[in-house]
Amino acid sequence: AGRPPRRRLGTVTLVVLVALATLVPFVAMLLVALSPPGVRTLPDVLWPSRVSLDNFVTALRGASLARWAVNSLVYSAVSTALASPVQAELMHRG
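Summarised in this report is the structure supplied together with it. These numbers were taken from a predicted model, which means no experiment stands behind them.

Look at helix α4 (residues 65–93): 42 Å from first C-alpha to last across 29 residues, which is about the 42 Å you get at 1.5 Å a residue. The axis of α4 is deflected most strongly, by about 25°, at Ala83, and proline Pro85 appears within four residues downstream.

Here it is in structure tokens:
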């Protein structure tokens, strides 16, 4: 029940800072996405007068979901093809 060692405190501090740095952009993205269309100022985004899904409707109406799916498949296939030999080499070196 004593004070944690400096090293542990530093590790905990680093983990908290990395977690915040990772979460803040996602929270900001979610807040902007759920804000009514046209809301672009910081106070209005942080505390919107109402939550709206209009931004999602607008994005999906003009979307080519089939093209997005093809892009995702191509990207994942190329990434896998490039990463597999590297992974095999690293495992072979042991």
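From this point on, the discussion continues.
Before going further, it helps to examine the pattern of salt bridges. Taken as a whole and assessed by the stated rule, the structure comprises one salt bridge. A salt bridge links Arg93 to Glu89; its shortest N-O distance comes to 3.1 Å. Of this pair, Arg93 and Glu89 both sit in helix α4, four residues apart, roughly one helical turn.

Our focus in this paragraph is a nonpolar patch on the surface. Together, Val12, Val16, Leu17, Leu20 and Val24 make up a nonpolar patch on the protein surface, roughly 440 Å² of accessible area in all. Checked against the element boundaries, Val12 lands in helix α1 (residues 6–34).

When you line up the elements, Met29 lands in helix α1. Once the C-alpha coordinates of Met29 and Val74 are considered, the two residues, 45 residues apart in sequence, prove to be 26 Å apart.

Here Ser35 lies in the loop between α1 and α2 (42–46). Not counting residues within four places of it along the chain, the set of residues in contact with Ser35 comprises Asp44, Val45, Pro48, Ser52 and Asn55.

Reading the values: the criteria
Residues numbered from 1 in each chain as written. Predicted model: local features only at pLDDT ≥ 70, side-chain atom pairs only at ≥ 80, totals over all residues. Heavy atoms only, no water. Helix = DSSP H or I, 4+ residues; strand = E, 2+ residues; numbered from the N terminus. Expected span 1.5 Å × (residues − 1). Bend = angle between axes of the 7 residues up to and from the residue. Salt bridge = Lys/Arg side-chain N within 4 Å of Asp/Glu carboxyl O. Patch = residues over 30% accessible without salt bridge, like charges linked within 9 Å, V, L, I, M, F, W, Y side chains within 5 Å. Areas by Shrake-Rupley, 256 points an atom, 1.4 Å probe, with all protein chains shown as cover. Contact = heavy atoms within 4.5 Å.

Such coordinate-based values are descriptive only and should not be taken to indicate function.
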